[in-house]
Amino acid sequence: MVKAVVLGASGGIGQPLSLLLKICPLIDELSLYDVVNTPGVTADLAHISSRAKTTGYLPNGDGLKLTLTGADIVVIPAGIPRKPGMTRDDLFKINAGIVRDLVTGIAEYCPKAFILIISNPVNSTVPIAAEVLKSKNVFDPKRLFGVTTLDVVRSETFVAEIIGESDPQTLKIPVVGGHSGETIVPLLSQAKPSVQIPADKLDALVNRVQYGGDEVVKAKDGAGSATLSMAYAGFRFAEKILKAVRGEKGIIEPTYVYLPGVEGGAEIAKATGVEYFSVPVELGTNGAEKAYNPLTDTNDYEKKLLEAAMKGLKGNIEKGVDFIKNPPAK
Ligand SMILES: NC(=O)C1=CN([C@@H]2O[C@H](COP(=O)(O)OP(=O)(O)OC[C@H]3O[C@@H](n4cnc5c(N)ncnc54)[C@H](O)[C@@H]3O)[C@@H](O)[C@H]2O)C=CC1
Ligand SMILES: O=C([O-])CC(=O)C(=O)O
């Protein structure tokens, strides 16, 4: 029996993500939660003749408790998205409290679930989640993930466009660091199979991966940020976890984790000077089994990008940790 949960299920990401989870044969029960519209989304999805039994709740009564009890995997796209002119950090004010409260519920009702954080700013919301779980004595770093898969998905797409590859998913491109602007670092020198990017296209390609989110925010012109590509990316990562839990071996995906708590991670934390970093992680039955150090094989161009990423990440991480350790006055 596998129970999956989406918190923020009625939103732009939440709805298509819930659809993909609903038709996933690896899931037996899907439970949806949002502060609005969950009954409608649930009734609609529940008519699909796939395996997953679907339930949904609003916050009233025991809504969050009923949603989370028995959950094996919880995906969180709850919170406000950007409008043109905003940075992801501008979302902190509202989304920090939303993530704190939802993860407090997870700590209480399903502390052993895998937690996948989509809500921005991911660089800070993952440390917030970790601090909440630590404060409740239920933190397992192998089970907490910041979802950075959209950066990987964008890299596959944009690189394929440049090299003329008709099937972008044959490319494996590690993207490391964080999930905002210059903290996003695509390691093109480690692509498999190896790719040759013309020198005059490299800067623009890296910039497009780093600021792909802005491209969508601008195109949506006030109607939000990436939702469909994010639902795809979030599902793709959740499916990898579910497959690894069932015993499939050799699944390695970049994801934003608490490095000191994952095998191989302490060394990367020492090298980067930050405790949270997206790195290729081997997934297994217990979650994040092993972190691979992507920094050893980088070229000078990538080393410069990494330096900027580490600098940017430090403040984002501290801000998240501080939000729980020294809560703002109410
Ligand atoms: N990690 C990533 O790569 C990406 C992250 N995002 C982030 O995902 C988040 C959601 O984006 P969208 O779905 O476009 O926004 P949206 O506004 O369409 O949906 C958010 C949903 O969260 C719900 N919500 C708000 N407070 C809640 C609470 N306390 N409990 C449960 N649900 C709550 C809202 O009612 C709404 O249905 C944003 O923070 C956005 O920046 C977006 C794209 C990519
Ligand atoms: O740009 C945003 O605000 C949403 C996001 O994280 C992305 O699309 O990568």
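These numbers were taken from a predicted model, which means no experiment stands behind them.

Asks: Account for the environment of E156, naming residues and giving values.
Replies: Of note, E156 is situated in helix 6 (residues 149-163). Take E156: there are 20 C-beta atoms within 10 Å of it, and that puts it in the buried class. Residues E156 and K22 lie 134 residues apart in sequence; the distance between their C-alpha atoms is 26 Å. Residue contacts for E156: discarding those within four places in its chain leaves P168, Q169, L171 and I173.

Asks: Lay out the UniProt feature "domain: Lactate/malate dehydrogenase N-terminal" (unreviewed entry) in the chain with the relevant residues and their values.
Replies: The feature "domain: Lactate/malate dehydrogenase N-terminal" (unreviewed entry), as given by UniProt, occupies residues 3-146 in the numbering adopted here. Taken end to end, residues 3-146 is 39% helix and 18% strand, and its two terminal C-alpha atoms sit 20 Å from one another.

Asks: Account for the pairing of strand 2 (residues 29-33), with residues named and values stated.
Replies: With 4 of 5 residues buried, strand 2 is to be regarded as a mostly interior element. The pairing of strand 1 (residues 3-7) with strand 2 spans 5 bridges and is parallel. Residue pairing across strands places V6 opposite L32, the latter belonging to strand 2. Read from strand 1 through helix 1 (residues 14-22) to strand 2, the crossover connection turns out right-handed. On the question of chirality, the crossover connecting strand 2 to the parallel strand 3 (residues 53-57) by way of helix 2 (residues 38-46) is right-handed.

What counts, and at which threshold
- Residue positions are given per chain, counted from 1 along the sequence in the order it is written.
- Both sets of labels track the order of writing: A upward for chains, 1 upward for ligands.
- Totals for whole chains, interfaces and linings use all residues, but because this is a predicted model, local features are given only for residues with pLDDT of at least 70 and pairs of side-chain atoms are given and counted only at 80 or more.
- Numbering of helices and strands runs from the N terminus; a helix is a DSSP stretch of H or I covering at least four residues, while a strand is a stretch of E covering at least two.
- Labels follow a simple rule on C-beta atoms placed from the backbone: if 20 or more others lie within 10 Å of a residue's own, it is buried; if 12 or fewer, it is exposed; otherwise it is partly exposed.
- The contact rule is simple: place each C-beta atom from the backbone, and if two of them lie within 7 Å, those residues are in contact.
- UniProt positions are given in the numbering used here, feature names are shortened, and annotations may be inferred rather than shown by experiment.
- Any two strands are treated as partners once DSSP identifies two or more bridges connecting them.
- Orienting the strands away from the viewer, one traces the path from the first strand over the helix to the second; a clockwise path indicates a right-handed crossover.

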